[in-house]
Amino acid sequence: MTTYYKAINWNAIEDAIDKSTWEKLTEQFWLDTRIPLSNDLDDWRSLTDQEKDLVGKVFGGLTLLDTMQSETGVEAIRQDVRTPHEEAVLNNIQFMESVHAKSYSSIFSTLNTKSEIDEIFDWTNSNEYLQRKAEIINEIYLNGTALEKKIASVFLETFLFYSGFFTPLYYLGNNKLANVAEIIKLIIRDESVHGTYIGYKFQLAYNELPEDEQERLREWMYDLLYTLYENEEGYTESLYDGVGWTEEVKTFLRYNANKALMNLGQDPLFPDSASDVNPIVMNGISTGTSNHDFFSQVGNGYLLGEVEAMQDDDYLYGM
Ligand code: MN3
Ligand code: MN3
């Protein structure tokens, strides 16, 4: 029997979302090395030791999650692509996850000493909440069904990062660490597309299931989200009790948990909405004119091409 090797044909698109996502992701390509992080050193020196410790730990935790996405995360969902173009999009996503993971090291090497960096990685590689979060997600990546893996991926992309993202967004809203925040905003812009795209692929397959299987999967999904949320509560308390931001961060987490469910085509679990989140943080994350001003005011900010502010409707594929 003859084996046929199929060449990818971008002139025969089976799913227009693959092509539009490829275009969006390649248009927003960026590298950490183009952002002048050292301009944040004066702000950094003005932070208390407690705040510096928080920033280091937050970025250590984010490094762990992006490392996992670049290593096992994309490989886990690659096995179940519906089109060859989806695999090409996943190649882009996987590379950018490595850029994300590396960009935190650029932040560390600018702000921290060698021994501080070693301490941050020791903490990251042993913190009970971080390790549990990584263990839960990785177990699903290795042993879950195709749809369970996509759920885990969307929860990571759209929910689990946000206990960490809160800190740089808070400083951005207070006019501190603008270049660090610019990196985080570029990462958030990528994660928004990743969560929406993988959620969309999830919905295609989910809608093909018989109703009883949908119901079983929906229960599994909400149970998983609740387990992850409980762990995030512990993580948040351990990080933020010292600076007094714990309750605000938890509100932000519940808001993003609902967004993850929305990406998966499901109803929200928590009552929290955007208006409940600290407006300083929402201002940092949102895409209105203030952000546009932010990007244009950082004159020597991002040096490769023009960075467009994130818009909510950039990510609302077919919803
Ligand atoms: Mn990432
Ligand atoms: Mn991602």
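Structure: see above.
Everything quoted here is computed from the prediction, not taken from an experiment.

Chemist: Is there a simple way to think about a negative patch on the surface in this case?
Modeler: On the surface, D49, E116, E119 and D122 cluster together into a patch of negative charge. Per-element tally for the negative patch: the top contributor is helix α5 (residues 114-124), with three residues. Considering the arrangement of structural elements, one finds D122 in helix α5.

Chemist: Is there a simple way to explain the coordination of the manganese ion (ligand 2) in this structure?
Modeler: Tetrahedral metal sites with four donors have an ideal angle of 109.5 degrees; octahedral sites with six donors have ideal angles of 90 or 180 degrees. Protein-derived coordination of the manganese ion (ligand 2) comes from E97 (OE), E157 (OE), E157 (OE), E191 (OE) and H194 (ND1), at a distance range of 2.0 to 2.4 Å. All donors to the manganese ion (ligand 2) come from one chain, and their sequence spacing reads E-x59-E-x33-E-x2-H. The manganese ion (ligand 1) is placed at 3.5 Å from the manganese ion (ligand 2), the two being bridged by E97. Residue E191 and its partner H194 are both found in helix α9 (residues 178-206); the two are separated by three residues, about one turn of the helix. What makes E191 buried here is its relative accessible area of 1%. Of the residues examined, H194 reaches a relative accessible area of 0% and is grouped as buried.

Chemist: Would you mind going over the coordination of the manganese ion (ligand 1) with me for this structure?
Modeler: Within the protein, the manganese ion (ligand 1) binds to D66 (OD), E97 (OE), H100 (ND1) and E191 (OE); these donor distances fall in the range 1.9 to 2.2 Å. Donor residues for the manganese ion (ligand 1), ordered by position in the chain, follow D-x30-E-x2-H-x90-E.

Chemist: Which parts of the structure should I look at to understand the packing of aromatic side chains?
Modeler: Both the distance between ring centres and the angle between the ring planes are used here to describe each pair of aromatic rings. For the structure shown, the criterion picks out 19 aromatic pairs. Between F108 and F121 the ring centres are 5.8 Å apart and the planes differ by 75 degrees, which places this aromatic pair in the edge-to-face class. Of the two residues, F108 sits in helix α4 (residues 84-111) while F121 sits in helix α5, which places them 13 residues apart along the sequence. Seen in terms of ring centroids, F202 and Y206 are 5.3 Å apart; in terms of plane orientation they differ by 25 degrees. Their pairing is stacked. Of this pair, F202 and Y206 both sit in helix α9, separated by four residues, roughly a single helical turn. A relative accessible area of 5% places Y206 in the buried class. Counting every residue linked through ring pairs, the aromatic cluster contains F161, Y162, F165, F166, Y170, Y171, Y240, W245 and F252.

Chemist: When you look at the nonpolar core in this model, what are you seeing that I'm missing?
Modeler: Across soluble globular proteins, you tend to see nonpolar side chains buried next to one another. If you look at the biggest cluster of nonpolar residues, it comprises 89 residues, and the most contacted ones within it are F59, Y104, F155, F159, F165 and F252. In this structure F165 touches L62, Y104, I184, I187, I188 and E191, once residues within four positions along its chain are discounted.

Chemist: Please clarify how the pattern of salt bridges should be interpreted in this entry.
Modeler: Pairing is possible between side chains that carry opposite charge, provided their charged atoms lie close to one another. Summed over the entire model, instances satisfying the criterion amount to 16 salt bridges. Residue R82 pairs with E208 through a salt bridge whose shortest N-O separation is 2.7 Å. One end of the pair, R82, is in the loop between α3 (49-78) and α4; the other, E208, is in the loop between α9 and α10 (211-240), with 126 residues separating them in the sequence. Its relative accessible area of 38% is what places R82 among the partly exposed residues.

Chemist: Even after reading the chapter, I still don't get empty space enclosed by the protein, so can you show me in this structure?
Modeler: If a probe as big as a water molecule is rolled over the atoms, it shows which places are left empty. Under the definition given, this model contains two cavities of 30 Å³ or more. Looking at the second largest cavity, the residues that line it are V58, G61, L62, L65, L130, K133, L160, F161, S163, G164 and Y235. In terms of residue count, the dominant contributor to the lining of the second largest cavity is α3 (four residues). By residue class, the composition of the lining of the second largest cavity is seven nonpolar, three polar and one charged.

How each quantity is defined
Residues numbered from 1 in each chain as written. Chains lettered and ligands numbered in written order. Predicted model: local features only at pLDDT ≥ 70, side-chain atom pairs only at ≥ 80, totals over all residues. Heavy atoms only, no water. Patch = residues over 30% accessible without salt bridge, like charges linked within 9 Å, V, L, I, M, F, W, Y side chains within 5 Å. Areas by Shrake-Rupley, 256 points an atom, 1.4 Å probe, with all protein chains shown as cover. Salt bridge = Lys/Arg side-chain N within 4 Å of Asp/Glu carboxyl O. Lys, Arg positive; Asp, Glu negative; His and termini not counted. Charge placed at Lys NZ, Arg CZ, Asp CG, Glu CD. Helix = DSSP H or I, 4+ residues; strand = E, 2+ residues; numbered from the N terminus. Donors = N, O, S within 2.8 Å, 3.2 Å for Na, K, Ca; no water. Buried < 20%, exposed > 50% of the residue type's maximum accessible area, 1.4 Å probe, protein only. Phe/Tyr/Trp six-rings, centres within 6.5 Å; stacked < 30°, edge-to-face > 60°. Core = buried A, V, L, I, M, F, W, Y, C linked by side-chain atoms within 4.5 Å. Contact = heavy atoms within 4.5 Å. 1 Å grid on protein atoms, 1.4 Å probe; cavity = no way out; pocket = protein on both sides within 12 Å on 5 of 7 lines; lining within 4 Å. Points joined across faces, edges and corners; volume = space filled by probe spheres on them. Nonpolar A, V, L, I, M, F, W, Y, C, P; charged D, E, K, R; others polar.

Interpretation in functional terms is not warranted from these geometric data alone.
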